[in-house]
Amino acid sequence: MPVFSNIVHVDVPEVLSARSGRSPAFRISFEADGEIPFPQVIVWEHGQAHLFSGALVEDLGDGYYAVVVPEGTLGLGECSVQIEGCRRLDVAHAGPEDWVKQYRALKVEAPAAAPLVGASVAGMKLYFGIHKHMHQPYYDTTDAEYWDGEKDDIFRTRHGAYTSFIPAAVQQYIAGGLPHAGLSASFSGTLIEQLNRCARDGRCGGAFTGWNRELRELARATTALGNPRVDFVAFGFFHPLMPLIPRRDIVRGIQWHRRIVEEAFGVPSSRVLFPPETAFHVRMLPALVEAGVEVVMYDSIHRFRTAQGYPYAGPPEGMLPPNPAEQVNPPVADWLQLQNVWAGSKISPSLLKPEYVAYQDADGEQSRLIAVPCERYLGNEDARGGFGALQYPSVLGQLYDHIAATGSYDPAHPPFFVLHSDGDNYGGGADSYYHHNTGKLVEWLKTDARFELSTVQDYLARFPPDPSRSVHIEPGSWSGADNGDPQFMKWFGRYRDSYSPDLNSWAVLTALQNLVHSLEDVHPEAPRSRQLERLLLTAETSCYWYWTGQEVWDRQVTNAANLAVSLVAGELEALAEIDRSGPTIFPAWVTPENPGGLTWAQQGLRAAEAVGTVHTFVSDVAGVRAVTLVLRAGGHEQRLPMLDRGPYPSRTGAVRTAHYFTVELPPALGDVRYFIEAIDRRGNTTRGALERVYLA
């Protein structure tokens, strides 16, 4: 039979009914005017490719071919089916002229349900909260007293946000008779210290004298259940990116913050944590539990993307497809594309509720706590100015109507999410947000029985999550940080270049962490321990990575580290001989992010290399003897020695920096777990966090 020249007929179903929320099994067939050396079918689902080639394409003879798409392959929505054949079997050397393609549309839809628009369903209510984040970093890591006219202007323009705006908003909740309404607030320790100095020294024309008076007065106001109307939540004192710093530093940063919150506002900080940049990774859980945290907030998209069958939206989502190793939660069938608000991907209203999240380390120890979603797209819209900027009745109404239409309402665990934003920037930090627009919000809630504003603690007291069930949440942060990808690449700027200012700072910080921790472990009461501890925690401020390429920020970590080294330079040789601490291991990252899957290309996405590389930094005052990656797959364990590439090159004059280690991962192992083990020259050993990745 001659080689084909055209595909003459295609048979693809136009509509599939998905009663379970996923597609049933279905068949695609096509006919060519000859033999197709290389037939192939690609089903495109929101930018994700489902590929059928080789043995998956049945040759029926006489130019007829067929593909069976398994049940559950597709979620709800529209898909594009690409039927194609190559006139050459050696497709690697084929040109565009060798391919013949045809396209068909396919829609997967749920069975028809009667829409409920704008109507209240008996017994059904949607709950939401509001969180305001306040922060200013230290602009010089080595001098907390540094101040100039620019800083004066920055603080002066935020006077209301730091003093009276939150009390003004909450007083309207109280006056409006909203029994459970309030908000949570995260004031960083560095902001509180600087506001105290403004008050002490008369900076900003004396505007901050008594800056916390109204906040202290309101701090004791309670909801109908006796919880704070203003919940001063737990936080990292210096605004660190918690997923990328050691456990002990997470714990002490939270402890430092608890002390200054109680000093400033007269009440303890709560057991709820808002992590800086909404950056979350399950490897944080052991530290959070140790620090007394019981509830953590996170960005909702990182729960959505862990559901099997998540409808990835392609490049417009701003992130790569989820790594399959993260997609371990059951599928859902209520995906919704929000209208009249920017939303780069679909959301699942049924997943917008508190749940237990769990993590198991390399030794099998488990940690878990309650995770509360901050809704990505609605929070962004609320940040533009509150009620009015976000059309609460119609936009939140879309969620309400969709929940009713899909029958996904759970009265024991009704929807609850937080609208989170900076409380001192843009519309979310404006006078109008806290005054006029909050007034409109209160008037709306008094007349619309579908919705209720609640504090996190009141909601959890009324609707505690099921303690018998835990879920997984993908790493990542809020969308304002380069869309908050799971690799935290906002803080890894230029990581593929021969030199990255961000990687330089992480390497320098890793060395500083090991130095300070090693000194603490042998001389916990040393005279300079408090100064060293402060320099270390200051250097962990995430802002110093945020503005990559600006020398004033790129040098901040090095400045703090060099000062710390100078304080103990005479002790380093002796310390190496008595060191009892294991090496410090920076959390590993993998390139490409989805080995064997898809990665970024100039025009969107392309196939990623199948061989992934694990990268890390390791430092030890006594010297590093060996670094090993321990890979767990299929019930077996492999130990892969990591290559020491020497100290990471520094262009900031760093006195000490960590060594850079890499190792290639075996391809095609599927869903694997791994951790890094490092041993120093004195035999002290450290095990890193247990990580996950899918090797296609």
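In this text, all values refer to a predicted model and were calculated from it rather than measured experimentally. (Residues numbered from 1 in each chain as written. Predicted model: local features only at pLDDT ≥ 70, side-chain atom pairs only at ≥ 80, totals over all residues. Heavy atoms only, no water.)

I'd love a proper account of the overall build of the chain, names of residues and values included.
Looking only at helices and strands, one finds 18 helices and 31 strands in the chain. What you see for the chain is a C-alpha radius of gyration of 27 Å, in line with the 26 Å of a compact globule of 696 residues. In terms of overall dimensions, the chain has a C-alpha envelope of 90 × 70 × 45 Å along the principal axes. Sequence-distant contacts in the chain: of pairs separated by 6 or more residues, those separated by 24 or more amount to 75%. Looking at the chain as shown, the accessible area adds up to about 26800 Å², and 50% of this sits on carbon and sulfur atoms. Of the charged side chains in the chain, 59 are positive and 81 negative, and the gap between their average positions amounts to 4 Å. (Helix = DSSP H or I, 4+ residues; strand = E, 2+ residues; numbered from the N terminus. Rg over C-alpha atoms; globule rule 2.2 N^0.38 Å. Contact = heavy atoms within 4.5 Å. Areas by Shrake-Rupley, 256 points an atom, 1.4 Å probe, with all protein chains shown as cover. Lys, Arg positive; Asp, Glu negative; His and termini not counted. Charge placed at Lys NZ, Arg CZ, Asp CG, Glu CD.)

Hey, could you go over the side chain of S619 for me, with residue numbers and the actual values?
Positionally, S619 belongs in strand β24 (residues 613-619). Residue classification places S619 among the buried residues on the basis of a relative accessible area of 7%. The residues contacting S619, other than those within four sequence positions of it, are T510, A511, N514, P583, T584, V624 and A658. (Buried < 20%, exposed > 50% of the residue type's maximum accessible area, 1.4 Å probe, protein only.)

Describe the packing of helix α6 (residues 247-265) against helix α13 (residues 501-522), with residues and values.
The geometry of α6 relative to α13 is characterised by a closest axis approach of 11 Å and an angle of 80° between their N-to-C directions. Taken together, the axes of α6 and α13 lie roughly perpendicular to each other. Here R248, D249 and R252 of α6 come into contact with α13, specifically with Q513, H517, E520 and D521. Residue composition of the contact of α6 with α13, by class: no nonpolar, two polar and five charged. (Axes fitted to C-alpha atoms, helices over the stretch in contact; angles between N-to-C directions. Parallel < 35°, antiparallel > 145°, perpendicular 65-115°, else oblique. Nonpolar A, V, L, I, M, F, W, Y, C, P; charged D, E, K, R; others polar.)

So what about the pairing of strand β25 (residues 624-633)? Which residues, and what values?
Where burial is concerned, most of β25 is hidden: seven out of the ten residues are buried. Strand direction decides the pairing type here: β25 and strand β29 (residues 670-680), joined by eight bridges, are antiparallel. Residue T628 lies in a different strand from β29, and its bridge partner there is E677. Here six bridges tie β25 to strand β26 (residues 636-641), and the two strands are oriented antiparallel to one another. Within the sheet, the bridge partner assigned to R632 lies in β26 and is E637. Count of turn residues in the β25/β26 antiparallel hairpin: two residues, of which G634 carries a positive phi of about 60°. (Pairing = 2+ DSSP bridges.)

Give me the packing of aromatic side chains: which residues, what numbers.
Applying the stated criterion across every chain yields a total of 44 aromatic pairs. Summarising the aromatic geometry, the rings of Y127 and Y459 are spaced 5.9 Å apart at their centres and angled 65° between planes, so their arrangement reads as edge-to-face. On the criterion of sequence distance, the pair formed by Y127 in strand β10 (residues 126-134) and Y459 in helix α12 (residues 456-462) is long-range, its members being 332 residues apart. Exposure remark for Y127: the relative accessible area of 7% places this residue in the buried category. Taken together, the ring pairs in this structure connect F492, Y499, W506, W545, F586, W589, F617, Y648 and Y660 into an aromatic cluster. One Lys or Arg, K132, reaches over the ring of Y433 and ends 3.6 Å from the middle of that ring. Stacked on the ring of Y356, the Lys or Arg R368 has its end atom at 4.1 Å from the ring centre. (Phe/Tyr/Trp six-rings, centres within 6.5 Å; stacked < 30°, edge-to-face > 60°. Lys NZ or Arg CZ within 6 Å of the ring centre and 35° of its normal.)

Give a detailed account of helix α1 (residues 149-156), specifying residues and quantitative values.
Within α1, burial applies to K151, D152, I154 and F155. Looking straight down α1, one finds its buried side chains confined to an arc of 165°; they lie on one side. Buried-residue contacts for α1 involve α2 (159-163) and α4 (189-201). With a side-chain oxygen positioned 3.1 Å from the backbone nitrogen of E150, the residue opening α1 is D148. (Arc of directions from axis to C-beta. Polar contact = N/O pair within 3.5 Å; in protein donor to acceptor, adjacent residues only side chain to side chain.)

Could you give me a rundown of the sheet that holds strand β2 (residues 15-17), with the residues and numbers involved?
Spatially, five strands are ordered β2-β9-β8-β4-β5 in an open sheet, and the strand pairing comes out mixed. This sheet does not close on itself; its edge strands, each paired only once, are β2 and β5 (48-53). Averaged over all adjacent pairs, the angle separating strand axes in this sheet is 25°, with direction ignored. Alignment of β2 against strand β9 (residues 99-109), held across three bridges, turns out to be parallel. Within β9, the residue paired with V15 across the bridge is K107.

If you had to explain the pairing of strand β8 (residues 77-86) to someone new, which residues and values would you point to?
Taking burial as the measure, the ten residues of β8 include eight buried ones, the bulk of the element. In terms of strand pairing, strand β4 (residues 38-45) meets β8 through seven bridges, oriented antiparallel. Considered in β8, the bridge of I42 is made with Q82.

Please provide a residue-by-residue account of unusual backbone geometry, values included.
A cis amide bond links T591 with the next residue in sequence, P592, at an omega value of -10°. Here P592 lies in the loop between β21 (589-591) and β22 (598-601). Of note, D62 is a non-glycine position whose phi angle comes to about 55°, a positive value. The residue D62 is located in the loop between β6 (58-61) and β7 (64-69) in this model. For F488, which is not a glycine, the phi torsion comes out positive at approximately 55°. Note that F488 resides in the loop between β19 (470-471) and α13. Note on F488: relative accessible area 2%, which makes it buried.

Talk me through the nonpolar core; I want residue IDs and the actual numbers.
Across soluble globular proteins, nonpolar side chains have a tendency to be buried as a group. Ranked by internal contacts, the top residues of the largest apolar core, which has 121 residues, are F128, F187 and F492. Setting aside chain neighbours within four positions, we find F187 in contact with M134, Y162, I166, I192, W211, L215, F232, H257 and F265. (Core = buried A, V, L, I, M, F, W, Y, C linked by side-chain atoms within 4.5 Å.)

Tell me about the packing of helix α3 (residues 165-175) against helix α11 (residues 431-447), and name the residues and values.
Viewed as axis vectors pointing N to C, α3 and α11 meet at an angle of 10°, and their least axial separation amounts to 9 Å. Put simply, α3 runs roughly parallel to α11. Touching F165, I166, A168, A169, Q172 and Y173 of α3 are D431, Y434, H435, T438, G439, L441 and V442, all from α11. Among the residues making up the contact of α3 with α11, the classes are represented as eight nonpolar, four polar and one charged.

Lay out the environment of E577 with the relevant residues and their values.
Inspection of the secondary structure puts E577 in helix α18 (residues 572-578). Taking the C-alpha atoms as reference points, E577 and V624, 47 residues apart in sequence, are found 13 Å from one another.

I'd like to hear about the pattern of salt bridges, residue by residue, with values.
Tallying each qualifying case throughout the model produces 39 salt bridges. As a salt-bridge pair, E84 and K101 come within 3.7 Å of each other at their nearest N and O atoms. Of this pair, E84 sits in strand β8 while K101 sits in strand β9; the two residues are 17 residues apart in sequence, bridging distant segments of the chain. Given a relative accessible area of 4%, E84 falls into the buried group. Assessed through its relative accessible area of 42%, K101 is described here as partly exposed. (Salt bridge = Lys/Arg side-chain N within 4 Å of Asp/Glu carboxyl O.)

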